[in-house]
Amino acid sequence: MNYTGIPQNKHILHSSISNKTLRDWQGLSCNITPNNLMYPIFIVDEPDSIQVIPSMPGIYRFGLNKLKDHLAPLVSKGLQSVLLFGVTNSVPKDENGTHASTQYNPVIQALPMLKMWFPNLTIACDVCLCAYTSHGHCGVLQADGTINNPSSIERIAQVGLSYAKAGAHVLAPSDMMDGRIGAIKQILREHGLANKVAVLSYTAKFASNLYGPFRDASKSAPAFGDRKCYQLPYESTGLALRAAARDVEEGADMLMVKPVLIYMDIVKELKNRYPEYPMFVYQVSGEYAMIHHAAKAGAIDLRLLLTEVLASLRRSGADVIITYFAPQILEWIHGKSKL
Ligand SMILES: NCC(=O)CCC(=O)O
Ligand SMILES: [Zn+2]
Ligand SMILES: [Zn+2]
């Protein structure tokens, strides 16, 4: 025995983790509740169909008449929020994405129904043109094929307004045009909706190789070129920070990093810089596919790995995780008090 006062026991860590409650106390800020989840949904313009998406096993495109049955069990398990994407098969596409803001847009049709069926569900709408433009780009183009930024943000603001008028609680512009947050905030103010509708900015949306399955799901692949002139280069922390400063300045209510698993340094940095803002992260289609296929091949255990991934996202600073795994996670939360 040594009673000299030298704190020999100070670095014994096992005492903090020797039972489950003790371990839980070490990570309470990483807990996952239904409030930490947002579920992306594809709504297709064929009211009675449920369409398989081959590149995203387990995820479907739902027609308007199939949405209620899909969502009701999830809402009863605690689902708090959804992120809506429209997918069009028969709606004519044009240069300006005209039907992104008309009744042809399946999201605009679905909003009043969803609000009636699920009055406590918070509904966010992805605001973009790419599913409605003939060229498949996220903005309006000039004759030489480059982005016309002023026309693009005018259209994006109009699309946002039409979702807001149809009942959206949150507008999430994913187009990555300069000035879109300010343009949306301005049009909401002009129509008396600024105090009712929040703006979740896809702040740091990187030009990633992880979006492939989504483009298949939403039929929004660009007809030519790529999105590198408006999405962020993945090497650039500097542009991600400038994008966040810009969006905060323009009045964004919530921030997002997308994709997430290979961008967690950015999540941490943005959360440290903007602790006042809820931090959203989007676990995108390619991340979903990688985890799904690894589990299917028997390389990893889906539940164990996903639990670890979710905890690590929370640890890095994420408040809300947008994930295609939401139904699965809710099922686990529902079956057990803690994930
Ligand atoms: N605005 C949404 C995307 O661009 C892609 C999301 C995904 O890959 O899941
Ligand atoms: Zn887009
Ligand atoms: Zn997008």
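Residues numbered from 1 in each chain as written. Chains lettered and ligands numbered in written order. Predicted model: local features only at pLDDT ≥ 70, side-chain atom pairs only at ≥ 80, totals over all residues.

In the nomenclature of an unreviewed UniProt entry, the chain corresponds to Delta-aminolevulinic acid dehydratase from the organism Henosepilachna vigintioctopunctata. What the UniProt record of the chain gives under Function (unreviewed entry) is the line "Catalyzes an early step in the biosynthesis of tetrapyrroles. Binds two molecules of 5-aminolevulinate per subunit, each at a distinct site, and catalyzes their condensation to form porphobilinogen." The UniProt entry for the chain carries this comment under Catalytic activity (unreviewed entry): "2 5-aminolevulinate = porphobilinogen + 2 H2O + H(+)". (UniProt positions renumbered as here; feature names shortened; annotations may be inferred.)

Draft legend 1. Looking closely at the UniProt feature "binding site: Zn(2+) 2" (unreviewed entry) in the chain. UniProt's entry tags His137 and Cys229 with the feature "binding site: Zn(2+) 2" (unreviewed entry), counted in the numbering of this structure. Sequence-wise these annotated residues cover 93 residues; spatially they are packed, their C-alpha atoms never more than 10.7 Å apart. Following the sequence through the fold, histidine 137 ends up in the loop between β5 (122–127) and α4 (149–166). Ignoring anything within four residues of it in the chain, the contact list for histidine 137 reads Cys130 and Pro222. By the secondary structure assignment, cysteine 229 is in the loop between α6 (212–218) and α7 (237–249). (Helix = DSSP H or I, 4+ residues; strand = E, 2+ residues; numbered from the N terminus. Contact = placed C-beta atoms within 7 Å.)

Draft legend 2. Quick look at the packing of helix α3 (residues 106–117) against α4. Orientation of α3 relative to α4, taken along the N-to-C sense of each, is 25 degrees, at an axis distance of 8 Å. Classed by the angle they form, the pair α3 and α4 counts as roughly parallel. By crossing handedness, the relation of α3 to α4 is classed as right-handed. Across the interface between the two elements, Val107, Ile108, Leu111 and Pro112 from α3 touch Ser162, Tyr163 and Ala166 from α4. (Axes fitted to C-alpha atoms, helices over the stretch in contact; angles between N-to-C directions. Parallel < 35°, antiparallel > 145°, perpendicular 65-115°, else oblique. Left-handed = near helix turned anticlockwise from the far one by under 90°.)

Draft legend 3. Focus on the UniProt feature "active site" (unreviewed entry) in the chain. Taken from the UniProt record, the annotation "active site" (unreviewed entry) applies to Lys205 and Lys258. Their sequence span is 54 residues, while the largest C-alpha to C-alpha distance among them is just 4.9 Å; these annotated residues converge on one region. Tracing the chain through its elements places lysine 205 in strand β7 (residues 198–205). Lysine 205 has contacts with Ser174, Met176, Gln231, Leu232 and Lys258, leaving out every residue within four places of it along the chain. For lysine 258, the position within the fold is in strand β8 (residues 254–258). Exposure remark for lysine 258: the 24 C-beta atoms within 10 Å place this residue in the buried category. With sequence-adjacent residues up to four places away left out, lysine 258 is seen in contact with Tyr202, Lys205, Tyr282 and Val284. (Buried ≥ 20, exposed ≤ 12 C-beta atoms within 10 Å, placed from the backbone.)

Draft legend 4. Representation of the site of ligand 1 within the structure. Around ligand 1 sit Asp126, Ser174, Tyr211, Phe214, Val284 and Ser285, and those are all the residues in its vicinity. Taken together, the residues of the shell around ligand 1 break down into 3 nonpolar, 2 polar and 1 charged. (Near = placed C-beta within 6 Å. Nonpolar A, V, L, I, M, F, W, Y, C, P; charged D, E, K, R; others polar.)

Draft legend 5. Quick look at α3. In this model, α3 (12 residues) spans 16 Å end to end at C-alpha, consistent with the 16 Å of a helix rising 1.5 Å per residue. All of the buried residues in α3 are Pro106, Val107, Ile108, Ala110, Leu111 and Leu114. Looking at the buried positions of α3, the neighbouring elements they touch are β1 (37–44), α2 (64–76), β4 (81–87), β5 and α4. (Expected span 1.5 Å × (residues − 1).)

Draft legend 6. Summary view of the pairing of β8. In terms of burial, β8 is largely enclosed, as 5 of its 5 residues are buried. Taking every second residue as pointing to the same face, both faces of β8 are buried, with Met254, Met256 and Lys258 on one and Leu255 and Val257 on the other. Examined bridge by bridge, β7 and β8 share 4 bridges and lie parallel to one another. Of the residues in β8, the one forming a bridge with serine 201 is leucine 255. Looking at chain direction, β8 and strand β9 (residues 279–283) are connected through 3 bridges and run parallel. Considered in β9, the bridge of methionine 256 is made with phenylalanine 280. After leaving β8, the chain enters helix α8 (residues 264–273) and then returns to the sheet as β9, a path that is right-handed. (Pairing = 2+ DSSP bridges. Right-handed = clockwise from strand over helix to strand, strands pointing away.)

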